[in-house]
Amino acid sequence: MDFISAIESNLHQFYEYAATRGDLELVNERDFSWVRNRRSAWPNWIFRLNRDLLTQEEFIKSLADRIINKDIPPFLVTLEPDNTERFYSLALKYGLKQINRWTGMAISRDECFQASDNQFHPEIIEVRNTDNLNDWIKVVNASLFNSTTLEAEIVEKLYRGGPLKLYLGYENKYPVSTSMSFEFDSLAGLYMIATMESHRGKGMGTLLTRYAIDRCFQNKTELIILHASAMGEGMYRKIGFKEYCKFGILWMVGRSYR
Amino acid sequence: MKEEEILKSVQEIFRKTFDKPDLIITYSMSPRDLKKWDSLNHVILISEIEKVFGVRFELQDMLESRSVGDICKTVLRLKNSA
């Protein structure tokens, strides 16, 4: 599997896992899949889109019509097609606005020279009980979602005994930073890497990322991927991640996931 | 268009978007100061600003406009470059 396919497939598997384990709606259609959680803002995505169709007006229009009819969620994540300009301008024509752009990045076990297998970080824990989980959710909601949109119930269903591992960093006993790994075969994806705004710039994000990387490479993981926001991209490059592709995040502005 | 005029119009958009008819905004106001100003309401806000001023925020503009002052400066730049 090439790196771009790995970066894309782990994201899709992550959403499928979240939908299946979280008892959510998951529909695999011919040209895309979608997951919907009517109780919470996450996960509500149209994903696994056929990239060949992203620059075809009829396809974009039909997606928009179905969103308006509430058949499918109003959020879309996709690997960008070659002709990004046409894609984004067509999407905008039908009300789908680009609200973010992620950089698809990866690091292999061989490239991760500085990973230290036995490094001990007293301020980082793996989430194993409800108190830790609530702290983890509080940090993610405050720093990634800006409000209480990630519900505890679904995260609890996902992390117990599965391929998801949640990590939580404390500073002076306060939970301030998070990361999550999703391991699938020899591929792991890192998600929900977040630091409270008041504690940014102190290296906590780097520490939580490195911690998750170390734990993954201690298992059978050979390649780690992530989807970086513009804010985190520089930090991941310093750790050793390399860029392979771009993802567009679109929203039909104002449309609710409900 | 002057910065003060932009601020006045932006204030009306804030009042409508956040359903706060008496809201007074300042250049330094950011999402920290307004509970409902989350990432999705930010997009709604920018979309309204685009409509009212007839400008188009690029993705970078949208992500970097994290205070009222940033928004007003971006509107001014886009209006002047139109």
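Here is what the cut-offs are and how they apply
Residues numbered from 1 in each chain as written. Chains lettered and ligands numbered in written order. Predicted model: local features only at pLDDT ≥ 70, side-chain atom pairs only at ≥ 80, totals over all residues. Helix = DSSP H or I, 4+ residues; strand = E, 2+ residues; numbered from the N terminus. Rg over C-alpha atoms; globule rule 2.2 N^0.38 Å. Buried ≥ 20, exposed ≤ 12 C-beta atoms within 10 Å, placed from the backbone. Contact = placed C-beta atoms within 7 Å. Expected span 1.5 Å × (residues − 1). Domains from an automatic or database assignment. Nonpolar A, V, L, I, M, F, W, Y, C, P; charged D, E, K, R; others polar. Axes fitted to C-alpha atoms, helices over the stretch in contact; angles between N-to-C directions. Parallel < 35°, antiparallel > 145°, perpendicular 65-115°, else oblique. Left-handed = near helix turned anticlockwise from the far one by under 90°.

> Would you mind going over the overall build of chain B with me for this structure?
When its secondary structure is counted, chain B shows four helices and zero strands. Relative to its length of 82 residues, chain B is compact, with a C-alpha radius of gyration of 11 Å against a globular reference of 12 Å. The dimensions of chain B, computed from C-alpha atoms along their principal axes, are 35 × 25 × 20 Å. Out of the 82 residues belonging to chain B, those deemed buried represent 26%. Considering only intrachain contacts with a sequence separation of at least 6, the fraction spanning at least 24 residues in chain B is 61%.

> Honestly, helix α6 (residues 204-218) of chain A in this entry has me stumped. Any pointers?
Working note: α-helix, 3.6 residues per turn, so residues spaced by three or four point in the same direction. Look at α6(A): 21 Å from first C-alpha to last across 15 residues, which is about the 21 Å you get at 1.5 Å a residue. In the core, the buried residues of α6(A) are packed alongside β6 (124-126), β7 (164-171), β8 (174-184), β9 (187-195), β10 (223-228) and α7 (230-239) of chain A.

> Even after reading the chapter, I still don't get the domain arrangement of chain A, so can you show me in this structure?
The parts lose accessible area when they come together, and the size of an interface is often stated as this lost area. Residue and element names in this part refer to chain A. Each assigned domain of chain A is listed here: domain 1 (3-104 + 247-252) and domain 2 (108-243). Between the C-alpha centres of domain 1 and domain 2 there is a distance of 24 Å. On the side of domain 2, 21 residues touch domain 1, which itself brings 20 residues to the contact. With nine residues, the top contributor of residues to the side of domain 1 that touches domain 2 is helix α1 (residues 3-21). In the side of domain 1 that touches domain 2, the residues fall into 10 nonpolar, eight polar and two charged.

> I'm lost on the packing of helix α1 (residues 3-17) of chain B against helix α2 (residues 39-53) of chain B in this one. Help?
The description of two helices packed together rests on the angle between their axes and the distance between the axes. Residues and elements named next belong to chain B. Where α1 contacts α2, the two axes come as close as 10 Å, and the packing angle between them is 135°. It follows from the interaxial angle that α1 and α2 lie oblique. Regarding α1 and α2, the two cross each other, and that crossing is right-handed. Here α1 contributes Ser9, Val10, Ile13 and Thr17 to the contact with α2, which in turn contributes Asn41, Ile44, Leu45, Glu48, Ile49 and Val52. A class-by-class count of the residues in the contact of α1 with α2 yields six nonpolar, three polar and one charged.

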